[in-house]
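Structural description and commentary
Okay, here's what each chain looks like letter by letter:
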Amino acid sequence: MSITVYVPIDSSALSLGAEKVAKAIAAEAETRGVAINLVRNGSRGLFWLEPLVEVETSKGRIAYGPVQAKDVPALFDADFLKGGQHALSLGPTEEIPYLKNQERLTNARVGITDPVSLDDYLTHEGYRGLKNALKLAPADIVKQVTDSGLRGRGGAAFPTGIKWNTVLNAPADQKYIVCNADEGDSGTFSDRMIMEGDPFVLIEGMTIAGLAVGATQGYIYLRVEYPHAYKNLNAAIAAAYKAGYLGKSILGSGKAFDLEVRLGAGAYVCGEETALLESLEGKRGLVRFKPPLPAIEGLFGKPTVINNVISLASVPIILDKGGDYYRDFGMGRSRGTLPIQLAGNIKRPGLIEKAFGVTLREILYDYGGGSATGRPIRAVQVGGPLGAFMPESQFDTPLDYEAFAALWAVLGHGGIVVFDDTVDMAHMARYAMEFCAEESCGKCTPCRIGSTRGVEVLDKIIGDEQRVAQLALLRDLSDTMLNGSLCALGGMTPYPVLSALNHFPEDFGAAKTEQAA
Ligand SMILES: Cc1cc2nc3c(=O)[nH]c(=O)nc-3n(C[C@H](O)[C@H](O)[C@H](O)COP(=O)(O)O)c2cc1C
Ligand code: SF4
């Protein structure tokens, strides 16, 4: 009987040499005359251990990592196909604390299955949610999602059930489900990992959304920088069509749902839902005025559910196990789990799916192991390029939308970027303004002009030119952007800028300013 060996095909593992490792294992097995079944799985999200090779044994899956092609002969010599000891042995995969202590609901199958095998998906509880949904009335599907407490994982944390209910109740001859897979935030990769590692869960979630609101067409708007996700999504969509999980009559129910992937061209603002819809319609990615909401007049003017990848990929487990099951995880009004993405200057970067309520400190130290440089962590930016910088004094904050809002911070899409004590926060503030100037769609003045002026003001502060007056101007300008911008790109750029200034005034020359005054 052949032994199953897993080598991830996820982009993070590929970037660290997984392809060469897979080839080396296949070649070595052939040379030694050993029959193996090489499965290319998704990543478990333990990036510092990638490429993470696993072997199926009688004691479960045993992990080795990080493996390079040159390690392969020695792994065979150590009898790794039977879980033998080697310097790269990590023991049973599920016992690695980083993984063991997670609550993986949305990512339950990522790293475990062959992402493009429908059989594997079905063996691992796939499509149970859809089968339940097919037995329910649309309003009852929406009710399950509402009861689960699921809030949008794309950034704004809007209750998904309420959004779906609006679309359900909007009369129209055509409705759409749009998945926002633009994932433009710095330090984020959870959407990518789902699409590469378990594309069926997203397809199932979108199909359930279609049944719930009466939409027969879905689009996944995918950033062009994700070629591996594109490939796996299309392979999974083709398999779903072939087996009757997509198409004119889903599993013979008479209910239709068609699905296509469309590629974005790489503008950050095209992740904003209305700019995304413009882009999907073939136009330039300009933000639309609201109202009307996309739920009433969205794609091609029709009622549209637009949700993030993680929001939609969380739906199958809700319909499988019930809204109450999902709701039991989390704290306060933040229910369920969040796939947290840990990046930047950190010893153990990766994906950590946890119930809301875990603290930043636990993520940074218990999981992350502190900074990669070994220096003190001075600041983290949570929630992408528009998220606030948080100082050490706030590391005991639980990951909870309301707890973050109380500190004038955001959880956003759950990305955490770590900086050690060599970071210069005035330069980080300047970077935030520059990013906004670069990515602004140009529709409104506070963002289009304000961000460019913001860079100039910060250059003067950094250059020690009229510092007191320029600092006052920076606050004034931030106030205008906060209150006068049409969308959150201009409206939230003051978050990183002012949080840097408020928490780290010394980097803006506060001591000198005080002396001068
Ligand atoms: C500038 C900007 C960029 C955004 N980028 C993304 C993105 O890449 N992915 C995403 O899901 N949401 C993004 N959003 C949020 C979307 O506008 C929208 O809130 C989200 O797609 C709704 O889905 P959800 O309710 O499931 O979170 C962005 C918002 C803004 C203002
Ligand atoms: S805030 Fe910026 S990105 Fe948003 S609409 Fe205005 S100009 Fe466009």
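The following refers to the structure shown. Nothing here was measured: the structure is a model prediction, and the numbers come from that model.

**Remarks on unusual backbone geometry**
- Of note, the bond from E50 into P51 is cis; its omega dihedral lies within 30 degrees of zero at -5°.
- With respect to the helices and strands, P51 occurs in the loop between strand 2 (36–39) and strand 3 (53–57).
- In this structure, P291 follows K290 across a cis peptide bond, with omega equal to -5°.
- With respect to the element layout, P291 can be found in the loop between helix 12 (273–280) and strand 9 (304–308).
- Of note in this structure, Y127 is not a glycine but carries a positive phi near 65°.
- With respect to the element layout, Y127 can be found in the loop between helix 5 (118–123) and helix 6 (128–134).
- Since its relative accessible area comes to 0%, Y127 is described here as buried.
- A positive phi is found at A157, a non-glycine position, where the angle reads about 60°.
- The residue A157 is located in the loop between helix 7 (138–148) and helix 8 (160–168) in this model.
- Under the relative-accessibility criterion, A157 is labelled buried at 7%.

**A few points about the layout of surface pockets**
- Taken as a whole, the largest pocket holds about 1,200 Å³ of empty space.
- G154, G155, A156, G271 and A488 are, among the 43 residues lining the largest pocket, the residues nearest its centre.
- Elements that contribute at least two residues to the lining of the largest pocket include exactly helix 8, strand 9, helix 17 (401–406) and helix 21 (488–492).
- Residue composition of the lining of the largest pocket, grouped by class: 20 nonpolar, 13 polar and ten charged.
- A volume near 220 Å³ is recorded for the second largest pocket.
- In terms of lining, the second largest pocket is formed by 20 residues, of which the most central are L105, A108, R109, E125 and I317.
- At the level of secondary structure, the elements contributing two or more residues to the lining of the second largest pocket comprise helix 6, helix 10 (199–213) and helix 14 (315–321).

**Quick word on the sheet that holds strand 12 (residues 337–344)**
- Pairing is mixed across the open sheet formed by five strands, whose spatial order is 13-12-16-14-15. Two strands lie at the open edges of the sheet, namely strand 13 (350–355) and strand 15 (389–391), each paired on one side alone. Sheet twist, expressed as the average angle between the axes of neighbouring strands with direction ignored, equals 30°.
- Sheet topology places strand 12 next to strand 13; six bridges connect them, and they run antiparallel. The residue bridging L342 from the neighbouring strand is G350, located in strand 13.
- Each of strand 12, strand 13, strand 14 (377–382), strand 15 and strand 16 (415–420) touches helix 16 (residues 360–367); the most contacted strand, strand 14, lies at about 120° to it.

**Looking at the pattern of salt bridges**
- Evaluation of the coordinates by the stated rule reveals 35 salt bridges.
- As a salt-bridge pair, D464 and R467 come within 2.8 Å of each other at their nearest N and O atoms.
- By relative accessible area, R467 is classed as buried at 9%.
- One salt-bridge network, held together by shared partners, links R44, E54, R61 and E94.

**Describing the pairing of strand 12**
- Of all eight residues in strand 12, seven are buried, a share of seventy percent or more.
- Connecting strand 12 to the antiparallel partner strand 13 that follows it, the hairpin turn spans five residues.
- With four bridges joining them, strand 12 and strand 16 adopt parallel strand pairing. Bridge assignment links A343 to a residue of strand 16, and that residue is V417.

**Concerning the packing of helix 7 against helix 8**
- Contact pair helix 7 / helix 8: the axes reach a minimum separation of 8 Å and the direction vectors enclose 160°. As judged from the angle between their axes, helix 7 and helix 8 are roughly antiparallel. For the pair helix 7 and helix 8, the crossing hand works out as left-handed. On helix 8, the residues that touch P138, A139, V142, V145 and T146 of helix 7 are T160, G161, I162, W164, N165 and L168.
- Grouping the constituent residues of the contact of helix 7 with helix 8 by class yields seven nonpolar, four polar and no charged.

**Describing the environment of V72**
- In this fold, V72 is placed in helix 3 (residues 72–77).
- For the pair formed by V72 and A24, sequence separation is 48 residues and the distance between their alpha carbons is 6.5 Å.
- Residues contacting V72, with those up to four places away along its chain left out, are V21, A24, I25, E28 and V67.

**Topic: empty space enclosed by the protein**
- The final tally for this structure, using the stated rule, is two cavities of 30 Å³ or more.
- Considering only enclosed or pocket space, the largest cavity measures out at about 80 Å³ in volume.
- Lining the largest cavity we find 13 residues, and of these V287, C441, C444, C447 and C487 sit closest to its centre.
- Here the residues of the lining of the largest cavity are counted per class, giving eight nonpolar, four polar and one charged.
- Its volume calculated, the second largest cavity comes out at about 40 Å³.
- Forming the boundary of the second largest cavity are I9, H228, K231 and N232.
- Each residue belonging to the lining of the second largest cavity can be placed in one class, and the counts come to one nonpolar, two polar and one charged.

Rules behind the numbers
- Residues numbered from 1 in each chain as written.
- Chains lettered and ligands numbered in written order.
- Predicted model: local features only at pLDDT ≥ 70, side-chain atom pairs only at ≥ 80, totals over all residues.
- Heavy atoms only, no water.
- Helix = DSSP H or I, 4+ residues; strand = E, 2+ residues; numbered from the N terminus.
- Buried < 20%, exposed > 50% of the residue type's maximum accessible area, 1.4 Å probe, protein only.
- 1 Å grid on protein atoms, 1.4 Å probe; cavity = no way out; pocket = protein on both sides within 12 Å on 5 of 7 lines; lining within 4 Å.
- Points joined across faces, edges and corners; volume = space filled by probe spheres on them.
- Nonpolar A, V, L, I, M, F, W, Y, C, P; charged D, E, K, R; others polar.
- Pairing = 2+ DSSP bridges.
- Axes fitted to C-alpha atoms, helices over the stretch in contact; angles between N-to-C directions.
- Contact = heavy atoms within 4.5 Å.
- Salt bridge = Lys/Arg side-chain N within 4 Å of Asp/Glu carboxyl O.
- Parallel < 35°, antiparallel > 145°, perpendicular 65-115°, else oblique.
- Left-handed = near helix turned anticlockwise from the far one by under 90°.

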